[in-house]
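Each chain, letter by letter, is given below.
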Amino acid sequence: MKRIIIVIAAVALAASAQAQNIVVIHDSEADGRIIPKEIYGQFSEHLGSCIYGGLWVGRDSSIPNEDGYRKDVLDALRALQVPVLRWPGGCFADDYHWMDGIGPQEKRAKISNNTWGGTMEDNSFGTHEFLDLCEKLGCDAYVSGNVGSGTVEEMAKWVEYMTSDKPSTVVDMRKANGREKPWKVKYFGIGNEAWGCGGNMPAEYYSYLYRRYTTYLRNYAGNALCRVASGANSYDYGWTETLMNGIDSGMEAISMHYYTVRDWNHKGSATEFSDREYALTLAKAVDIENAIKGHIRIMDKADPGRKVALFVDEWGTWFDVEPGTNPGHLFQQSTMRDAMVAALSLNIFHKYTDRIKMSNIAQVVNVLQAMILTDPEGHMVLTPTYHVFEMYKIFQDAEFLPVENDTPVCSVSGETYPSLSVTAGRKDGSIRVALVNTELSKSQKVTLSCDSEMGAVEARILTCTDIRDHNTFEKPRTVEPLGFYSYKLRNGALEFMIPARSIITFTISQKQ
Ligand code: AHR
């Protein structure tokens, strides 16, 4: 068994602006664990302009589109290699009745999206449009069913409509609506946030409902559903415990949600924040590790064989909406602070992939910590978070390489976050490393070596002059990845300075 250990010995240089880190990779000791590509999952909800205007503009739009999907957004998402997309919510899922969203678009039900701003929902984006989008992106579908305001029959028939090839009235309906063959639906959520917007239920009551609903969700035509229980909010370990003990079968995964918000009444501006607010956001972001450990501890007791996966199927930053936008639409800008949150979170997820098999950042377009922002005039901008996901593609399905480090920490009000966070993986004969320097003004010297001999090196950097830097429709390329060449290979080790506020990825081919 091979194992790579990165040892970071941090030497504090008093009275100096530079910290120094020695990174040693012991690549002879990797244990074979894979970082599932689904860690890089996305989430799309009928919320604000995530679907309408973001993913979908309709075939008659003047905005260039492919069968109604925004062409620029499709291309950007294809470049991201999205492995799985969650839909239609979120809170919207438990208000969604799938029959509203099938059949001729002009005849579909018009409803008020009461969860998200009372916006008119014309259902022109429904089951067909979502599942066809997944096929266009080459990703798996993760559909969230309605427990809160739906029925067992409605959910059971939805699964049948999407995945069955046996003759029945709903299958005939699907065919009449233009889809002959069933789709593949790999993941199916039994409600969302059942403790809150999904029905305000106690855990025990939800676990009974879960058993009842899943009894009627059948596997058709070789489609094997991965059934996902609506999991806990942040640190609510009691919820996980009740579900793990109360649902003894029919649950392949349980979810958890975690946002970086500290005070729901004062979330703060996405772009105008103090250095202290930056530090507080990062400290909250990395505290997800404690929440993950807490849920895993409980899961391990009930399920020592680790048959049930943990999906972090909503996570990310949540700030005040952009001034002048609908408060119910959760449209926020995304700065290099968000990129730091994304990279630190992904580095943490990598460590727990023996239990965490999926994560879905919230959300893919125009909502919360979005990958992509669009406007109705047809502009599109890629956020710093998009760039992190794009740079981190190198970790999808890579073998996890444990990182032992003794990294210095930054602290704020007694809470801490790493000054330099590192993750490593291996795939196709190359070692992949990402380093995140969270310091606002200190560059850090790094010496990185491996057990094996290093071959060719490729490196990229995402950096900024100010942590508040972000991309706008007027200036879309303020923050974007660049090639990184300022390293030296000396005595078998890479030596480089990682600038403050920067993320660097390396792909290092291993000499045989
Ligand atoms: O992502 C926005 C909302 O946050 C989702 O709809 C809900 O599940 C969560 O509370």
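These figures come from a predicted structure and were not determined experimentally. (Residues numbered from 1 in each chain as written. Predicted model: local features only at pLDDT ≥ 70, side-chain atom pairs only at ≥ 80, totals over all residues. Heavy atoms only, no water.)

Right, let's talk about the nonpolar core for a bit. Membership of the largest hydrophobic core comes to 124 residues, with the highest contact counts inside it found for Phe 188 and Tyr 392. Inspection of this core shows a minimum of three residues originating in each of domain 1 (2-30 + 402-510) and domain 2 (34-397). Those residues in contact with Phe 188 that lie beyond four places of it in its chain are Tyr 142, Val 143, Gly 145, Met 155, Trp 158, Val 159, Met 162, Leu 217, Leu 225, Cys 226, Arg 227 and Val 228. In terms of nonpolar packing, the next biggest core, distinct from the first, is built from 24 residues, Ala 30, Leu 420, Phe 484 and Ile 498 among them. (Core = buried A, V, L, I, M, F, W, Y, C linked by side-chain atoms within 4.5 Å. Buried < 20%, exposed > 50% of the residue type's maximum accessible area, 1.4 Å probe, protein only. Domains from an automatic or database assignment. Contact = heavy atoms within 4.5 Å.)

What follows covers the packing of helix α3 (residues 152-163) against helix α4 (residues 169-176). In contact at an axis separation of 8 Å, α3 and α4 are set at 50° when each is read in the N-to-C sense. With respect to their mutual orientation, α3 and α4 come out oblique. Pair α3 / α4 crosses with right-handed handedness. Together, Lys 157, Glu 160, Tyr 161, Met 162 and Thr 163 of α3 and Val 170, Val 171, Met 173 and Arg 174 of α4 make up the contact between the two elements. For the contact of α3 with α4, the residue count by class is five nonpolar, one polar and three charged. (Axes fitted to C-alpha atoms, helices over the stretch in contact; angles between N-to-C directions. Helix = DSSP H or I, 4+ residues; strand = E, 2+ residues; numbered from the N terminus. Parallel < 35°, antiparallel > 145°, perpendicular 65-115°, else oblique. Left-handed = near helix turned anticlockwise from the far one by under 90°. Nonpolar A, V, L, I, M, F, W, Y, C, P; charged D, E, K, R; others polar.)

Before going further, it helps to spend a moment on the site of the ligand. Inspection of the region around the ligand gives 13 residues, with Glu 45, Cys 91, Glu 193, Tyr 259 and Glu 314 positioned closest. Between the ligand and Glu 45, the relevant distance is 2.7 Å, taken from an oxygen atom to a side-chain nitrogen or oxygen of the residue. A distance of 3.0 Å separates an oxygen atom of the ligand from a polar atom in the side chain of Asn 192. Grouping the constituent residues of the shell around the ligand by class yields six nonpolar, four polar and three charged. (Near = heavy atom within 4 Å. Polar contact = N/O pair within 3.5 Å; in protein donor to acceptor, adjacent residues only side chain to side chain.)

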